[in-house]
Amino acid sequence: MPSNSPDPQPRLAETREVVLTSAAQIAQMVSQVSDWFAIHARPLPWRSDDVTPWGVLVSEVLSHQTQIERVVPKWQEFMRRWPAPAALAHDTDASILEFWDRLGYPRRALQLRRCAIAICDEHDGEVPDSVEVLESLPGIGPYTAGAVASFAYHRAVPAVDTNVRRVLARAICGVAAAWAPNVRRDRDIVLATLPTDGVAAAAWNASAMELGAVVCRSRTPDCAACPIAALCVWNQAGRPDNAPTPAKRQAAFKGSMREARGHVMALLRAEGVADRNAVDRALAYQSRFSGEDVVAGLIRDGLISMDADGRVVLGQ
DNA sequence: AAGCCGGGGAC
DNA sequence: GTCCCAGGCTT
């Protein structure tokens, strides 16, 4: 297991305008949250010692914008069907799209298979261990690259998800909500907390994430159960409602193109193939989009394809 | 930086 | 109905 990554040092100088705590206080928080995690961590299956880097990578991709409780059974089924990148690379797009079922964001499924193919073709079937190489893989961005490098290979690198942003926003910045995702900001603030030892860094990444998911929740924080309530800047300030208001509200799902695409994908998972009339019936609920437009978008994304008779099928 | 991309669950 | 969820890609 290579460990020639540079040891990231805390960069308090770069972040002092937002980090309101001292290095000593941060060290105490890291220690206390890690101790809490050792006792209270949920027994997620991909946290077992015998999980492969591929298993870690798969768990992270399945978890994108998806609650962990929904991921657990899918991860177990996934690992039975495709225990290594080669197994997925040798299967088909249609196969993984059918497996994906209603997890959401089915483009993740295609990207994950392309990722497996790239791992087989360019990395001898081994999941890469460096953030830079991981980020070059399809569907692997800054968060997932950091998570795989940290959890699977114990590299001392950040893995900043929405939970970590919120925990640090509250605990050391004194702000009620996570800042908007930003690669530079994520890295700078987390580097103020990240242990230089790779094993300790992995523990901290997982601990901060878990605290955010289970205790330091977005709308209903359980500060009474928090191991760092006494150190948390936001809690000590009386939990002010001091987060900047988001520029734009989330777009409605009902009536959206996403909903329309979802209906067509559900039809194809159930039927395997659909003609034009079947597509129109699937959109008869009230879609403001034509079947033609919906199908064109799905084809553009590689999620479906059309045969010579104008019927559509899953995958390519 | 902002928009797009699913679907389910909590409130 | 609104917001949130172990994000990433495109423009």
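Refer to the structure printed above.
Below is a short write-up of the structure. Here the structure is a predicted model, which is why all the values come from computation and not from measurement.

**Brief notes about the overall build of chain A**
Here's step 1: Of the regular secondary structure elements, chain A holds 16 helices and 3 strands.
Here's step 2: Computed over its C-alpha atoms, the radius of gyration of chain A comes to 22 Å, within 12% of the 20 Å expected for a compact globule of 316 residues.
Here's step 3: Expressed along its principal axes, the backbone C-alpha trace of chain A runs to roughly 70 × 45 × 35 Å.
Here's step 4: In chain A, of all internal contacts separated by at least 6 residues, the share reaching a separation of at least 24 is 64%.
Here's step 5: With the model as given, the accessible surface of chain A reaches about 16200 Å², and the carbon-plus-sulfur share is 51%.

**A look at the protein's contact with DNA strand B**
Here's step 1: For DNA strand B, the set of nearby residues contains 19 residues, the closest of which are Q67, R102, R107, R261 and G262.
Here's step 2: Among atoms of DNA strand B positioned within 4 Å of the protein, sugar and phosphate together represent 56%.
Here's step 3: The separation between a base nitrogen of DNA strand B and a polar side-chain atom of Q67 is 2.6 Å.
Here's step 4: Contact between DNA strand B and N182: a phosphate oxygen at 3.4 Å from a side-chain N or O atom of the residue.
Here's step 5: At 4 residues, the largest contribution of residues to the surface near DNA strand B is made by helix α14 (residues 257–271).

**Quick look at the state of the cysteines**
Here's step 1: Enumeration over the complete set of coordinates arrives at 0 disulfides.
Here's step 2: Between C226, a free cysteine, and C216, which holds the nearest cysteine sulfur, the sulfur-to-sulfur gap is 6.3 Å.
Here's step 3: For C226, a relative accessible area of 17% translates into the label buried.

**Points about the side chain of S59**
Here's step 1: Residue position: S59 is located in helix α3 (residues 53–62).
Here's step 2: Given the relative accessible area of 1%, S59 is considered buried.
Here's step 3: Among the polar contacts listed, one links the side chain of S59 to the backbone oxygen of V56, at a separation of 2.7 Å.
Here's step 4: Excluding its chain neighbours within four sequence positions, the residues that come into contact with S59 are W46, V71 and W75.

**Some thoughts on the packing of aromatic side chains**
Here's step 1: Per the counting criterion, the structure on display carries 5 aromatic pairs.
Here's step 2: A ring pair is formed by F78 and F99, whose centres lie 5.5 Å apart and whose planes are at 75 degrees; its orientation type is edge-to-face. With F78 in helix α4 (residues 68–81) and F99 in helix α6 (residues 93–100), the pair connects residues that are 21 residues apart, well separated along the chain.
Here's step 3: Exposure remark for F78: the relative accessible area of 0% places this residue in the buried category.
Here's step 4: What makes F99 buried here is its relative accessible area of 3%.
Here's step 5: Connected via pairs of aromatic rings, a cluster forms that spans W54, F78, W82 and F99.

**Notes on the packing of α4 against α6**
Here's step 1: It is the contact of α4 with α6, at a shortest axis distance of 11 Å, that shows an interaxial angle of 155 degrees. The angle between the axes of α4 and α6 places the two elements in the roughly antiparallel class. In this structure, α4 crosses over α6, and the sense of that crossing is right-handed. Two secondary-structure elements touch here, α4 through K74, E77, F78 and R81 and α6 through S95, I96, F99 and W100.
Here's step 2: Across the contact of α4 with α6, the residue classes tally to 4 nonpolar, 1 polar and 3 charged.

**With respect to the pattern of salt bridges**
Here's step 1: This model, assessed by the stated rule, comprises 14 salt bridges.
Here's step 2: With a closest N to O distance of 2.9 Å, E210 and R42 form a salt bridge. On the criterion of sequence distance, the pair formed by E210 in helix α12 (residues 198–214) and R42 in the loop between α2 (23–40) and α3 is long-range, its members being 168 residues apart.
Here's step 3: With relative accessibility at 0%, the residue E210 sits in the buried group.

**Examining unusual backbone geometry**
Here's step 1: At Y105, a residue that is not glycine, the phi angle is positive and equals roughly 50 degrees.
Here's step 2: Structurally, Y105 can be placed in the loop between α6 and α7 (107–122).
Here's step 3: Backbone geometry at Q286 places phi at a positive 160 degrees, although glycine is not the residue there.
Here's step 4: Following the sequence through the fold, Q286 ends up in the loop between α15 (276–282) and α16 (291–300).

**Regarding the sheet that holds strand β2 (residues 304–306)**
Here's step 1: Ordered in space as β1-β3-β2, the 3 strands form an open sheet in which the pairing is antiparallel. Two strands close off the open sheet at either side, each with one partner strand: β1 (273–274) and β2.
Here's step 2: Two strands pair when backbone bridges link them, and β2 and strand β3 (residues 312–314) are joined in this way by 3 bridges, in the antiparallel orientation. Note that in β3 the partner of S305 across the bridge is V313.
Here's step 3: α14 contacts β1, β2 and β3 of the sheet and is inclined by roughly 80 degrees relative to β3.
Here's step 4: Against the sheet, α16 engages β2 and β3, with an angle of about 110 degrees to β2.

What counts and what doesn't
- Residues numbered from 1 in each chain as written.
- Chains lettered and ligands numbered in written order.
- Predicted model: local features only at pLDDT ≥ 70, side-chain atom pairs only at ≥ 80, totals over all residues.
- Heavy atoms only, no water.
- Helix = DSSP H or I, 4+ residues; strand = E, 2+ residues; numbered from the N terminus.
- Rg over C-alpha atoms; globule rule 2.2 N^0.38 Å.
- Contact = heavy atoms within 4.5 Å.
- Areas by Shrake-Rupley, 256 points an atom, 1.4 Å probe, with all protein chains shown as cover.
- Near = heavy atom within 4 Å.
- Polar contact = N/O pair within 3.5 Å; in protein donor to acceptor, adjacent residues only side chain to side chain.
- Disulfide = S-S within 2.5 Å.
- Buried < 20%, exposed > 50% of the residue type's maximum accessible area, 1.4 Å probe, protein only.
- Phe/Tyr/Trp six-rings, centres within 6.5 Å; stacked < 30°, edge-to-face > 60°.
- Axes fitted to C-alpha atoms, helices over the stretch in contact; angles between N-to-C directions.
- Parallel < 35°, antiparallel > 145°, perpendicular 65-115°, else oblique.
- Left-handed = near helix turned anticlockwise from the far one by under 90°.
- Nonpolar A, V, L, I, M, F, W, Y, C, P; charged D, E, K, R; others polar.
- Salt bridge = Lys/Arg side-chain N within 4 Å of Asp/Glu carboxyl O.
- Pairing = 2+ DSSP bridges.

Coordinates in, geometry out; function isn't part of it.
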